[in-house]
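Survey of secondary and tertiary structure
Residues per chain, in single letters:
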Amino acid sequence: MSLQLGKSFNRNYKIRLSFLDGFYDIGLFYNNKSSFLLFSVDSDFTQSKSKDLKNSIKIAMFKNIESSKFCETFLNLHSYKNQSLDIINQFKEIKPEYTNDVNFLFNETLTMSKIVVDSSSFYDSLNLYCFTLSAYMNEYIFLIAERQNIITKLQKKVVRSSAIQIATSSSIDLIEEFFEESRESKIKDVTKRVISDEVITLD
């Protein structure tokens, strides 16, 4: 899936990630004066022997990472807004109950500029967080690209996150199982709270 670099983008960063017995080259297109970001994806399975598995690979992109079942199930996200900060769905942490099921592959930061406002330092940057599943280490990738952009005229930092998921059918099925289990647990917790909150009056 090649992507032409248009006038809206003046930066391009590429990373190569191993997957099965091949590779995926992921490109990130963005502008140093904007929080907007797009992905490009190219595969390299020239030496691959996993023909059947290769055909079962599915790629999904999320402009709103909160809508992905991976994020909803495994990650805690952070949103905050005041006069100088506008943060939506920033990666905070892997949920404690899933630290054995989800692995951090890497975390990289590209700093483009530093701006000092009222003695406080703000960095215009691109932060990458890459995850995989413990049970499918070589069959699942979830990459979050977080843009921290400084609007100098407004003295405000805007933080936005997008994500790309590369997965085999088996790994997606596992996430679906975790997602359903998590949803059922939440329903049970709500039911318990409702019952415990009931007031019983004895005549």
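The coordinates are above.
Now for a description of the structure that goes with this document. Since the structure is predicted, the reported quantities are computational estimates derived from the model, not experimental observations.

Quick notes on the rules
- Residues numbered from 1 in each chain as written.
- Predicted model: local features only at pLDDT ≥ 70, side-chain atom pairs only at ≥ 80, totals over all residues.
- Heavy atoms only, no water.
- Helix = DSSP H or I, 4+ residues; strand = E, 2+ residues; numbered from the N terminus.
- Buried < 20%, exposed > 50% of the residue type's maximum accessible area, 1.4 Å probe, protein only.
- Areas by Shrake-Rupley, 256 points an atom, 1.4 Å probe, with all protein chains shown as cover.

This part covers the overall build of the protein chain. Helices and strands together make up the secondary structure of the protein chain, namely three helices and ten strands. Its helices and strands in sequence order give the protein chain the pattern β-β-β-α-β-α-β-β-β-β-β-β-α, from N to C terminus. For the protein chain, with 203 residues in total, the buried portion stands at 40%. Carbon and sulfur atoms form 49% of the exposed surface of the protein chain, whose accessible area is close to 12000 Å².

Quick look at unusual backbone geometry now. Backbone geometry at leucine 20 places phi at a positive 50°, although glycine is not the residue there. Examined against the element boundaries, leucine 20 turns out to sit in the loop between strand E1 (11–19) and strand E2 (22–30). Judged by relative accessible area, which is 14%, leucine 20 ranks as buried. With phi around 55°, asparagine 89 is a residue other than glycine that occupies positive phi space. Of note, asparagine 89 is situated in strand E6 (residues 85–94). Given a relative accessible area of 8%, asparagine 89 falls into the buried group.

The values are spatial; any link to function lies outside them.
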